[in-house]
Amino acid sequence: MGSSTITTLNYFIAPLDGSRPYTEVYAADSTTGKASYNWNQEPYGIQVEDVRGKEELYNLDNAGFQYGREGPKHISFLNDDEIEREYYPESIVLIKRVTRASKVVVFDHTVRRRIPGEAGDNPQKRQPVSLAHVDQTPAAAIARVHRHLPPTEVPALLCRRFQIINLWRPISHPAEDWPLALCDFRSVDFEKDLVPVALIYPDHEGETFGVKHNPDHKWKYMKAMTPEEFVLIKCSDSIQDGSVARLTPHTVFQDPNTPEGALPRESIELRALVFYD
């Protein structure tokens, strides 16, 4: 059964001058790979519970995340075209089966291979993100539907329940190094803990949530997840009446119990629009 570890998690600090928080994704310093942004972060000592052995207690509706076990057929994850051609279709089948959704549209993916000392926001060498965050705000989720679906389909799709769900899994070897922590939505104050952050690209603008510290947050992880295991992470849900989890803050963290000599973490996350009849 699981145990807990004490670690440091980084939380969001809004600009002190009250200006709108932003990150310019590709306005990066060519030498360091660091993106341009106007907010800050602050570390806090946090307890993170290992839920291995009781992971079935957490699902997309109550906590905002859900673990499962099913190895992928595609295992190389070295070529983006191959990932889109081979891994996307099998992932759509998996997401549909777990969620019972009627339509799933994968709109992008990120492969992360940790390189010690590498900047976390270098777009050419994507590193694990050590900051509590949520990938989409509700407004950004609606914009994603408009961006990735035919205009003739959008009005009907927005009348149905829809979500943005990430499918995350380790690749190559177990994720003992810098594992992924997820915050149980039941411990999140949606109105007080989350701050919209503009995500500025050269050709469009998105929006994420920065997560402010709240001592009530309950953080979970599953120790040493293998490539045959996955977690679904809810980033947005059009049901907003309090009956289900709306999202899941998440971050990587340095586990002080990581075995010496553990391989640097490698992972893939798919991001998908998920629709229900």
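About the cut-offs
Every chain's residues receive numbers from 1 upward, in the order its sequence appears when written. Note on the predicted model: pLDDT of at least 70 is required for a residue's local features to be given, and 80 or more for side-chain atom pairs to be given and counted; whole-chain, interface and lining totals, by contrast, use all residues. Values shown for side chains rest on all heavy atoms present in the structure; no hydrogens or waters enter the calculation. Nine residue types can take part in a nonpolar core, namely buried Ala, Val, Leu, Ile, Met, Phe, Trp, Tyr and Cys, and a core is a set of them joined through side-chain atoms within 4.5 Å. Each residue is assigned to one of three classes by its accessible area relative to the maximum for its type, calculated with a 1.4 Å probe on protein chains only: buried under 20%, partly exposed between the two thresholds, exposed over 50%. Here a helix means four or more residues in a row that DSSP labels H or I, a strand means two or more in a row labelled E, and each is numbered from the N terminus. Whether two residues touch is decided by their heavy atoms; if any such pair falls within 4.5 Å, the residues are in contact. The directions considered for the arc run from the helix axis to the C-beta atoms. Here, any two strands with at least 2 DSSP bridges between them count as paired. Only Phe, Tyr and Trp rings take part, Trp by its six-membered ring, and two of them pair if their centres are within 6.5 Å. Stacked means planes under 30 degrees apart, edge-to-face means over 60, and tilted covers everything else. Ring-over charges, as used throughout, are those where CZ of Arg or NZ of Lys falls within 6 Å of the ring centre and within 35 degrees of the ring normal.

Caption draft 1: Looking closely at the nonpolar core. Membership of the largest hydrophobic core comes to 21 residues, with the highest contact counts inside it found for L167, I268 and V274. Taken together, the elements giving at least two residues each to this core come down to helix 1 (80-99), strand 6 (103-113), strand 8 (162-170), strand 13 (229-237) and strand 15 (266-275). For this core, the leading source of residues is helix 1, giving five residues. Once you skip the residues sitting within four places of it in the chain, L167 turns out to touch Y87, S91, L94, I95, F230, V231, L232, I268, E269 and L270.

Caption draft 2: Representation of helix 2 (residues 138-148). Every buried residue of helix 2 is accounted for by A140, A141, R144 and V145. The arc enclosing the buried residues of helix 2, seen along the axis, measures out at 150°, which places them on a common side. On its buried side, helix 2 packs onto strand 6, helix 3 (154-158), strand 8, strand 11 (205-211), strand 13 and strand 15.

Caption draft 3: How the structure looks around the pairing of strand 4 (residues 40-50). Of the strand pairs in this sheet, strand 1 (residues 4-13) and strand 4 are connected by ten bridges, and their pairing is antiparallel. Residue pairing for strand 4: I13 is matched across the bridge by N40. As defined by bridge partners, strand 4 adjoins strand 12 (residues 219-221) across three bridges and the pair is classed as parallel. The residue of strand 12 that forms the bridge with D50 is Y221.

Caption draft 4: Structural detail: the packing of aromatic side chains. Following the criterion strictly, the structure yields ten aromatic pairs and no others. Three or more aromatic residues joined by ring pairs make a cluster, and in this case those are Y11, Y44 and W219. The side chain of R161 reaches across the aromatic face of Y276, ending 5.2 Å from its centre. Positioned above the aromatic ring of F190, the side-chain terminus of R246 is 3.7 Å from the ring centre.

Caption draft 5: Representation of unusual backbone geometry in the model. The phi dihedral of F77 falls on the positive side, at around 55°, and the residue is not glycine. Along the chain, F77 turns up in the loop between strand 5 (65-69) and helix 1. You can call F77 buried: its relative accessible area is 3%. At A224, a residue that is not glycine, the phi angle is positive and equals roughly 55°. Residue position: A224 is located in the loop between strand 12 and strand 13. Classification of A224 as partly exposed rests on a relative accessible area of 24%.

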